[in-house]
Amino acid sequence: MTRVVADITVSLDGYVTGPDAGPGNGLGTGGEPLHRWVFSDDPDDKRILAAATARSGAVVMGRNLFDVVDAPGGWSDDLGYGATEVGKPDFLVVTSSAPPTVRLTGLDWTFVTTGLEDAVAAARSRAEAVSAERGADLDAVLMGGGALVGSALAAGLVDTLVLHLSPIILGAGTPLFTGTGPRELVQREVVVTTTATHLTYDVR
């Protein structure tokens, strides 16, 4: 069964970037250690990253995050979602208007201008189609940014929440849970590594 999975790295004090995040400074000031687990040699970190990528049938992101990854110095053939794994999923970007040009032409981009709910529905449909082709259950993944994940949680669009809790306190930046309201979670898995605590929850 295809799930909608929100999967994001967050600091101990609830930020997904440091201050002043943007193109050329994607993780914000002081935010570079957040994703240290992605480049770790810890076998559990590597297993979690590989498994998440392998289960990604389609990926949703916000426009601010797209502008970061598509900017010079952003994603490349060697760095980015699925860059070192087998295959790359389709990407859906929630935006008010499509950009005039796209640098990362080797990836499949769809710009959804009709809102987050439509983007999530389209991602789920694509993930289901890829699941049928491969004979395996794949996920529709919400990778960020923080506002997109928070909005999806608030709207009840998320089935599973995966947090990679980085041992860093940023003090300021892009918060994850602003405006989400109360939401009950069921804890399913905790994996502690040298660089992060990986937490998986079902969202009620």
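This write-up is about the structure you can find in this document. (Residues numbered from 1 in each chain as written. Predicted model: local features only at pLDDT ≥ 70, side-chain atom pairs only at ≥ 80, totals over all residues. Heavy atoms only, no water.)

Let us look at the overall build of the protein chain. Along the protein chain, the regular secondary structure elements total four helices and 10 strands. Along the protein chain, from the amino end to the carboxyl end, the secondary structure elements read β-β-α-β-α-β-β-α-β-α-β-β-β-β. For the protein chain, whose C-alpha radius of gyration is 16 Å, the value lies close to the compact-globule estimate of 17 Å for 204 residues. Taken over 204 residues, the protein chain has a buried fraction of 47%. For the protein chain, the proportion of contacts with a sequence separation of at least 24, taken over those separated by at least 6, is 70%. Accessible area of the protein chain: about 9900 Å², with a carbon and sulfur share of 53%. (Helix = DSSP H or I, 4+ residues; strand = E, 2+ residues; numbered from the N terminus. Rg over C-alpha atoms; globule rule 2.2 N^0.38 Å. Buried < 20%, exposed > 50% of the residue type's maximum accessible area, 1.4 Å probe, protein only. Contact = heavy atoms within 4.5 Å. Areas by Shrake-Rupley, 256 points an atom, 1.4 Å probe, with all protein chains shown as cover.)

Here the focus is the pattern of salt bridges. All chains considered together, the criterion is met by nine salt bridges. Notably, a salt bridge pairs Asp139 with Arg3, separated by 2.9 Å at the nearest N-O pair. Of the two residues, Asp139 sits in strand β6 (residues 139-144) while Arg3 sits in the segment before β1 (4-11), which places them 136 residues apart along the sequence. Among the salt bridges present, the one from Asp90 reaches Arg126, with a minimum N-O distance of 3.5 Å. With Asp90 in strand β4 (residues 90-94) and Arg126 in helix α3 (residues 116-134), the pair connects residues that are 36 residues apart, well separated along the chain. Look at Asp90 and you get partly exposed, because its relative accessible area is 21%. Note on Arg126: relative accessible area 24%, which makes it partly exposed. (Salt bridge = Lys/Arg side-chain N within 4 Å of Asp/Glu carboxyl O.)

In a regular helix each residue adds 1.5 Å, so 12 residues correspond to 16 Å; helix α1 (residues 43-54) covers 16 Å between its end C-alpha atoms and thus fits that length. Taken together, the buried positions of α1 are Asp45, Ile48 and Thr53. Each buried residue of α1 lies within a common arc of 125 degrees when the element is viewed along its axis, so the set occupies one face. The elements touched by buried residues of α1 are β3 (56-62), β7 (160-166), β9 (185-192) and β10 (197-203). (Expected span 1.5 Å × (residues − 1). Arc of directions from axis to C-beta.)

With that settled, the discussion passes to the layout of surface pockets. By volume, the largest pocket is sized at about 1400 Å³. The wall of the largest pocket is formed by 50 residues, among which Leu27, His35, Leu65, Trp75 and Met143 lie closest to the centre. Breaking the lining of the largest pocket down by element, the ones donating at least two residues are β1, β2 (15-17), α1, α2 (63-70), β6 and α4 (146-154). In terms of residue count, the dominant contributor to the lining of the largest pocket is α2 (six residues). As a volume, the second largest pocket reaches approximately 350 Å³. (1 Å grid on protein atoms, 1.4 Å probe; cavity = no way out; pocket = protein on both sides within 12 Å on 5 of 7 lines; lining within 4 Å. Points joined across faces, edges and corners; volume = space filled by probe spheres on them.)

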